[in-house]
Structure formats: C-alpha cells, structure tokens
Amino acid sequence: MKKLYITFIAIFLVIIVLPGVYILATPDREFSDNENRVLQTAPALNGDTLLDGSFQSKLSKYLSDQFPARDLWTAVGTKIKLTLGFADIGGAYIGRDGYYMEKITSDDFELDRYRENLASIKSFIDAQGLPSTVVLVPAAGTVLSDKLPANAQMYDARLMYGIAQDVFCDSVSLPDIYSALSEHSGEYIYYRTDHHWTTMGAYLAYDCIMQGNGAYEGELQKVSDSFLGTTYSKTLDSAAVPDEVYIAPVSDSLAVTADGKSIEVYDMSKLDTKDKYTVFFGGNRAMMLIKGGAQNGKTLLVIKDSFANSLVPFLTADYENILMLDLRYFNGSVKNLVSSSGVTDIMFVGEMSNVAKDENLFKLLF
C-alpha cells in the first residue's frame, strides 16, 4: 500500500508539479512558428483582472500555451487519435488525399450577424456610389466536400451566397466564386495543409470576378515545395505531404508601399520561414498601395482578409493603382481615404465565415 502511495505521488509530481515548475522557471514563448500565432504569456494579476475573470481565463490559456514540449504532445496526440479512428483533430478534418481542412460549421457563427455585416458593407458601398464587387470566398471543405471524412460537417456555402444575393439585391457585382471553384474541384485549388486557396484557386476567382475578360497574362511559377500551413499546424501530423507554392509574375513597373515603407509584391525571404503564404506582400498589413499597374487611370480599393493577398497580383493588370486595407489593423478613416485617393472602384474580399464573424466593419462608418 505504501509503495502504491509513493507511486501515486511520483506520478502527480511528474504530470502536474514539474511542468508547472518548468513553466515558471523558463522564459515564456511569445510565438509558435508551427501554429503561426501569438502565444499567451504570463497574465497580469490584480484586483480588476481577478474580479472580471480575465486572469483566470488567460491563466488557463497560458498554462496550455507554455506547456513543456507542447508541439511534441500535439503530434503524439494526433497519432493516438488517428489510431482510434478520429478524423476531427484540433479543429482540422483529416481528409482524403492528404488534405487537412479547417472545420467551420454553421454553429461557429450566427447567420443574423452575417446578414448585419453584409448590410454594413452594402451601406458603405451605397454611400460611395462607385462600381463595387463583393468576393465571398468559400472555405476549402465546402468546395472539396469529396475530400472530407465521412459525416464531416461544414457550413453551407451555397446558403451563404444566397443570403448575400438577398442583401445586395443586384446593387453590386457578386461573382459566384463557390460555383467557379467547384467546377475545378479536382484540381489543386486549395492547399492541402493550409486554409487558403492556392494561386491557381485565386486565378479562378480572378477570372470569375473579371467575367473572363481580365487583362492578366502570365504563367504561374513554382517557388516552393515545402509549405506546411495552418491546418497542418493544428495536428502536426508527421504523415503530412508539404504543399507547393506558386506565384503569378507581375510587371516590373509596380511600386508597392506598406504602412509607409517600400516592399515587394513577393517577399521571397518568407519562403525560408514556416508560413510561406506570407510570400504574398510579406503577409497582412494595415494598408498597402500598389502603383504602376495598367495605365487606365483606375484606382481599386480592396478591403480584405488574407485570401486577397494571392488574388491582388492578378488585378494589377486591370487597375493602375490598388489600395489594400485590412480592417483588423487599419484605424484611419476609410471614407476620407476613398475621397483623397481618387478611388474609382471598390472590392471586398473575405472568406465567408470571416465575414460572418468580422468585428471591424464599424470602421467603415468613419
């Protein structure tokens, strides 16, 4: 009995106490390359954070994020779950043909909020009185449903597009990206290990937006064959096959600035990092301005999420200037920017569930 008691204490020390001591004794990790996200560091403890519950919430996330050998345990957990027949791991579906697809169901957002956000976009567009396009991007699992595991649930992209049609009532161009991509579902249009569309998928969207009349001409160039993206990072499955990354060549005359600094359309140094999708413009920025495109006097304002990063290079063949805003980071006046920048056209680009959950559209009011 005494030996059993001692064994129990030893197990308790190893599993509970020692990891806690390790967390307290070592510097906090601030960023996870594998998960491509900021990690929770030690939360501040004071009367306010204790009373409002934020300390307790952050403490739980802190212990999870800083747990010793977190990546190793994630990978081990994935192997165990796969052995047990699980196909939904860490918010990613383990699909067919090497696909790891983000799990986004209708329970992850409210349709009423989606309608309200679309209405906010419509109000902004109506107030500007400029030709406008709304590009609603379907998640990979909605288009590549044949790659999903049995009984996997995804939101209904066709329903989401229908709601948008009802809200906009022909007041904007609303290309049917879902159908355009579905017609090519057997092709390499979404990354296997990341939630974004591939450059080929982005091109198909571009062709749909421009109704087959886009000015872009060029052949895609492969720049990497070792990309393991965000959905892989949810599982860290050692069996994952890396993705290929392609770029669309653009004119040498383009000049790009981001938040006041000169950058390139393609930041090739990002190909040496974990998140190779950031090769497009170096990642997300509050504001980017592209000059020197088609010499036609047209300036396009793109209000976007990260899906637009691989789409916009194609659009440089159709607009002289392109102004890109990411409302997650931009805090200026959008209305003043439209009037002061000579904007002639407006385009919203966002994955459907991102649009449904967007909390930054209020910035369009200012």
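What comes next is a walk through the structure. Just so you know, these numbers come straight off a predicted model, no measurement behind them. (Residues numbered from 1 in each chain as written. Predicted model: local features only at pLDDT ≥ 70, side-chain atom pairs only at ≥ 80, totals over all residues. Heavy atoms only, no water.)

1. Some thoughts on the sheet that holds strand E5 (residues 100-102)
We apply this condition: Here, strands pair whenever DSSP counts at least two bridges between them. The way it works is that DSSP assigns letters per residue, a run of H or I at least four long becomes a helix, a run of E at least two long becomes a strand, and they are numbered from the N terminus.
A sheet is described by the order of its strands in space; here three strands give the open sequence E3-E4-E5, paired in antiparallel fashion. At either end of the open sheet lies a strand with only one pairing partner, and these are strand E3 (88-89) and E5.

2. Quick look at the pattern of salt bridges
Keep this limit in mind: Salt bridges are defined as contacts in which a side-chain nitrogen from Lys or Arg sits within 4 Å of a carboxyl oxygen from Asp or Glu. The cut-offs for exposure are 20% and 50% of the maximum accessible area for each residue type, with area from a 1.4 Å probe on protein chains only; residues under the lower value are buried, those over the upper are exposed, and the others partly exposed.
Summed over all chains, the structure comprises nine salt bridges. Asp 126 is the partner of Lys 122 in a salt bridge, and the nearest nitrogen-oxygen pair spans 2.8 Å. Here Lys 122 pairs with Asp 126, and both are found in helix H5 (residues 111-128), just four residues apart, close to one helical turn. For Lys 122, a relative accessible area of 22% translates into the label partly exposed. Among the ionic pairs, Arg 158 bridges to Asp 176, the shortest N-O distance being 3.3 Å. Linking Arg 158 in helix H7 (residues 157-168) with Asp 176 in the loop between H7 and helix H8 (177-182), this pair joins segments that are 18 residues apart in sequence. Judged by relative accessible area, which is 34%, Arg 158 ranks as partly exposed. What emerges from the salt-bridge pattern is a single network uniting Lys 304, Asp 326 and Arg 328.

3. Considering the pairing of strand E9 (residues 255-258)
On E9, burial follows the alternation: Val 256 and Ala 258 on one face are buried, whereas Ala 255 and Thr 257 on the facing-out side are not. Summarising the sheet, E9 and strand E11 (residues 287-291) pair through four bridges and their orientation is antiparallel. Residue pairing in the sheet places Ala 255 in a bridge with Lys 291 of E11. As paired strands, E9 and strand E10 (residues 261-263) are joined by three bridges and run antiparallel to one another. Within E10, the residue paired with Ala 258 across the bridge is Lys 261.

4. Regarding the environment of Met 101
Here is the rule we go by: Only heavy atoms enter the contact rule, under which two residues are in contact if any of them lie within 4.5 Å.
In this fold, Met 101 is placed in strand E5. Considering only alpha carbons, one finds Met 101 and Leu 148, 47 residues apart in sequence, at a separation of 7.8 Å. Those residues in contact with Met 101 that sit more than four places away from it in its chain are Gly 91, Ala 92, Tyr 93, Ala 140, Gly 141, Leu 144, Lys 147, Leu 148 and Thr 231.

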